[in-house]
Amino acid sequence: MTYIPGKKPKKGSHGGVIAALDIGSSKICCLIARAEDPAAIKVIGFGHTSSQGVRAGTIVNMEDAEAAIANAVHAAEQMAGVTAHDVFVNVSGGRPTSLTLGVEVAILDQEVTDVDLRRALAQGRAQYRIPENEVIHAIPVSYSLDGNRGIRDPRGMFGDRLGVQLHMVTAGSGSLRNLATCIGRCHLDIEGSAVSPYASGLASLVEDELDLGCTCIDLGGGTTSLAVFSEGNLVFTDCVPVGGSHVTSDIARGLATPLGHAERMKILHGNAMSSSADDREMITVPLVGEDERTQTNLVPKSQLVRIIRPRLEEIFELVRSRLEESGADALSGRRVVLTGGGAQLPGIRELAQQVLDKQVRIGRPSRVSGLPDAASGPAFATVAGLLTQATRQHTELTISSPSVAVPGSLMGRVGMWLREHL
Ligand SMILES: Nc1ncnc2c1ncn2[C@@H]1O[C@H](COP(=O)(O)OP(=O)(O)OP(=O)(O)O)[C@@H](O)[C@H]1O
Ligand SMILES: [Mg+2]
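In what follows, the accompanying structure is described. Here the structure is a predicted model, which means the values were calculated and not measured. Within each chain, residues carry numbers counting from 1 in the order of the written sequence. Here chains are named by letter from A upward and ligands by number from 1 upward, in the order in which they appear as written. The predicted nature of this model means local features are confined to residues of pLDDT at least 70 and side-chain atom pairs, given and counted, to a pLDDT of 80 or more, with totals for whole chains, interfaces and linings taken over all residues. To get the side-chain values, all heavy atoms of the structure are used, and hydrogens and water are removed first.

## Here we look at the pattern of salt bridges
Stage number 1. By salt bridge we mean one thing: a side-chain nitrogen of Lys or Arg within 4 Å of a carboxyl oxygen of Asp or Glu. Applying the stated rule across the entire model yields 17 salt bridges.
Stage number 2. The closest approach of N and O atoms between Glu-66 and Arg-185, which form a salt bridge, is 3.4 Å. Taken together, the residues span a long stretch of sequence, with Glu-66 in helix α1 (residues 62–80) and Arg-185 in helix α3 (residues 173–185) at a distance of 119 residues.
Stage number 3. The salt bridge partner of Asp-238 is Arg-322, with a shortest N-O separation of 3.1 Å. Taken together, the positions of Asp-238 in strand β14 (residues 233–240) and Arg-322 in helix α8 (residues 301–326) put the pair 84 residues apart, joining distant regions of the chain.
Stage number 4. Through salt bridges with shared partners, a single ionic network connects Asp-250, Arg-253, Arg-311 and Glu-314. Secondary structure elements follow DSSP: runs of H or I of four or more residues count as helices, runs of E of two or more count as strands, with numbering from the N terminus.

So this is what it looks like as structure tokens:
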């Protein structure tokens, strides 16, 4: 990852302590965990602050973002009683772009080894150069030998030509450099990164969903991002720059109420689906610029729902069209897992089900233990998924044969050892 200044990942040199940082548009949070065993990640520190200097997942004010990051990390360090030096961070800015690419390398009737897989990855990275972009992920999704497809692990097999289907995700170098600089100013190094919905999916999808095909949709504050998983791999990711904060602005505008109050109304009374009782339930709405004690409106809840619903429909329609246009819909199966703070809105599951015509459930971080209650909801899937990604990455860098990996687990999948890095 060339955008990370002067730092190479250290192989398991952390005494099993890892740190994850989610820089979101609404909140910035940090988890510190012990992970002696990749299957047993235990959170020991949590820090959380409202986001500053970040818009639609991109850092727009370095000083503000730096201060907020430092606050979140400091709080997590205090709770954990350790100092973080390296972090795994999410990437939301720089318009992450996804593409599947076929590469082929000559084996010349020899046995396929790790070296050949690394050569294929290097070739893919060299082939897929978008100006002003950096590669975030280069994930082998399937292999072929001499044109025979459907090979899950080619190592140890013989052939002339090894084909690898690579899923590449890139993002704009400028945004990534700003991210790295901001984190560097907090005296931290980036040890690894993952696009946000990939991390959210890793945290909240169960093995069957990862295998059979599933889309994780992360409804954040400034963005809604999606990641499609199939046969255990990330096969597509995209992001639309619309999220929960747009719903809040719509409420503020529609009811002429301050943004802070619109946010409270959404959380206390909001619903994505209407019900017959909505006309009878009246909500007090303070008006912008007026004295909250004397100048208020009374509006029926139905009016609030009529504002919330169209924006959410728009978001899910955008997601649906991104899935259809990319062709990823065919791989994504019938299941959707909703994460992100926006997934907490009552009725969101039903609405997503209607618009996307899929089975929808709300996802929470489920692969790590010791999460405090405040960090156990869907908004913390990204940061928890970064911990999972961190243990995968350490394993990827150190294991040399699949027999070392835990069978049947996320870690046991073929090709994990070099998925992300050369
Ligand atoms: N109980 C709730 N009901 C409805 N919406 C909620 C609830 N709690 C939080 N939200 C919304 O979730 C959004 C924040 O979600 P999240 O914390 O996942 O965003 P983020 O990760 O900071 O942003 P992004 O991923 O877009 O960069 C806000 O718009 C907030 O209004
Ligand atoms: Mg987020």
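Once the structure has been displayed, the description carries forward.
## Focus: α8
Two residues of an α-helix separated by three or four positions point the same way, owing to the 3.6 residues in each turn.
Stage number 1. To estimate how far a helix should extend, the number of its residues minus one is multiplied by 1.5 Å. Compared with the 38 Å implied by 1.5 Å per residue over 26 residues, the 38 Å span of α8 between its first and last C-alpha is a close match.
Stage number 2. Every buried residue of α8 is accounted for by Lys-301, Ser-302, Leu-304, Val-305, Ile-307, Ile-308, Arg-311, Leu-312, Ile-315, Phe-316, Val-319 and Leu-323.
Stage number 3. Directly beyond the C-terminal end of α8, a positive phi value near 85° is found at Gly-327. Note on exposure labels: buried denotes an accessible area under 20% of the residue type's maximum, exposed denotes more than 50%, and partly exposed covers the range between, all computed with a 1.4 Å probe on protein chains only.

## Digging into the site of ligand 1
Stage number 1. The local shell around ligand 1 holds 19 residues, among which Ser-25, Ser-26, Thr-223, Glu-263 and Lys-266 are the closest.
Stage number 2. Contact between ligand 1 and Ser-26: an oxygen atom at 2.7 Å from a main-chain N or O atom of the residue.
Stage number 3. Protein contact buries 89% of the 650 Å² of open area that ligand 1 shows by itself.
Stage number 4. Sorting the residues of the shell around ligand 1 by element identifies α6 (244–255) and α7 (259–269) as the ones contributing at least two each.
Stage number 5. With three residues, α7 is the largest single contributor of residues to the shell around ligand 1.
Stage number 6. Polar here means any residue outside two lists: the nonpolar Ala, Val, Leu, Ile, Met, Phe, Trp, Tyr, Cys and Pro, and the charged Asp, Glu, Lys and Arg; Gly therefore counts as polar. Across the shell around ligand 1, the residue classes tally to three nonpolar, 13 polar and three charged. Neighbouring residues are identified by heavy atoms, a residue being near a molecule or strand if any of them is within 4 Å of it. Polar contact is defined as a pair of N or O atoms within 3.5 Å, subject to the rule that within protein one atom must be able to donate a hydrogen and the other to accept it, and that residues adjacent in sequence are counted only when both atoms are side-chain atoms. All accessible areas in this document rest on Shrake-Rupley with a 1.4 Å probe, and a residue is counted as covered only by the protein chains that are shown.

## Topic: the packing of α6 against α7
Stage number 1. Two elements in contact, α6 and α7, have axes separated by 8 Å at closest approach and are oriented at 110°. In terms of their interaxial angle, α6 and α7 are classed as roughly perpendicular. Between α6 and α7 lies a crossing whose hand is right-handed. Between α6 and α7, the contacting residues are Gly-244, Val-247, Thr-248, Ser-249, Ile-251, Ala-252 and Leu-255 on the first element and Leu-259, Ala-262, Glu-263, Met-265 and Lys-266 on the second.
Stage number 2. Of the residues assigned to the contact of α6 with α7, the class counts are seven nonpolar, three polar and two charged. Convention adopted: a line fitted to C-alpha atoms gives each axis, helices being fitted over their contacting stretch, and angles between N-to-C directions are expressed from 0 to 180 degrees. We call two directions roughly parallel when the angle between them is under 35 degrees, roughly antiparallel when it is over 145, roughly perpendicular when it lies between 65 and 115, and oblique otherwise. For any helix crossing, the convention is left-handed if the near helix is rotated counterclockwise from the far helix by under a right angle, and right-handed if that rotation is clockwise. The criterion used for residue contact is that any of the two residues' heavy atoms lie within 4.5 Å.

## Points about the sheet that holds strand β18 (residues 359–362)
Stage number 1. Strand order in the open sheet made by the five strands is β14-β13-β12-β17-β18, with mixed pairing throughout. Of all the strands in the sheet, the pair left with one neighbour each is β14 and β18. On average, each strand axis in the sheet is tilted by 20° relative to the strand beside it, whichever way the strands run.
Stage number 2. Across the sheet, helix α4 (residues 196–204) lies against β12 (214–219), β13 (224–230), β14, β17 (335–339) and β18, angled at about 55° from β13, the strand it touches most. Following DSSP output, two strands are said to pair if at least two bridges run between them.

## Some words on the packing of aromatic side chains
Stage number 1. In this analysis, rings of Phe, Tyr and Trp, with Trp reduced to its six-membered ring, are considered paired at centre separations within 6.5 Å, and the interplanar angle assigns stacked below 30 degrees, edge-to-face beyond 60, and tilted for intermediate values. Following the criterion strictly, the structure yields two aromatic pairs and no others.
Stage number 2. Cation over ring: Lys-27 sits above Phe-380, and NZ or CZ is 5.5 Å from the ring centre. Whether a charge sits over a ring depends on NZ of Lys or CZ of Arg being within 6 Å of the ring centre and within 35 degrees of the ring normal.

## Some details on the nonpolar core
Stage number 1. The criterion is simple. A nonpolar core is a set of buried Ala, Val, Leu, Ile, Met, Phe, Trp, Tyr and Cys residues joined through side-chain atoms within 4.5 Å. Core analysis: the biggest nonpolar cluster contains 68 residues, and Leu-21, Ile-23, Ile-69, Ile-183, Phe-229 and Leu-387 have the highest contact counts within it.
Stage number 2. For this core, the leading source of residues is α1, giving eight residues.
Stage number 3. Listed in part, the 38 residues of the second largest apolar core include Ala-328, Val-336, Ala-343 and Ile-348.

## Some thoughts on the sheet that holds strand β10 (residues 158–172)
Stage number 1. Read across the sheet, four strands follow the order β7-β10-β8-β9 without closing on themselves; strand pairing throughout is antiparallel. Looking at the sheet topology across the chains shown, the edges are occupied by β7 (97–111) and β9 (148–151). On average, each strand axis in the sheet is inclined to that of its neighbour by 40°, with strand direction left out of account.
Stage number 2. Where strand β8 (residues 133–145) and β10 come together, 11 bridges link them in antiparallel fashion. Bridge pairing in β10 places Tyr-143 opposite Val-164.
Stage number 3. Most of the contacts of helix α2 (residues 114–127) go to β7, to which it runs at about 140°, and overall it touches β7, β8 and β10.

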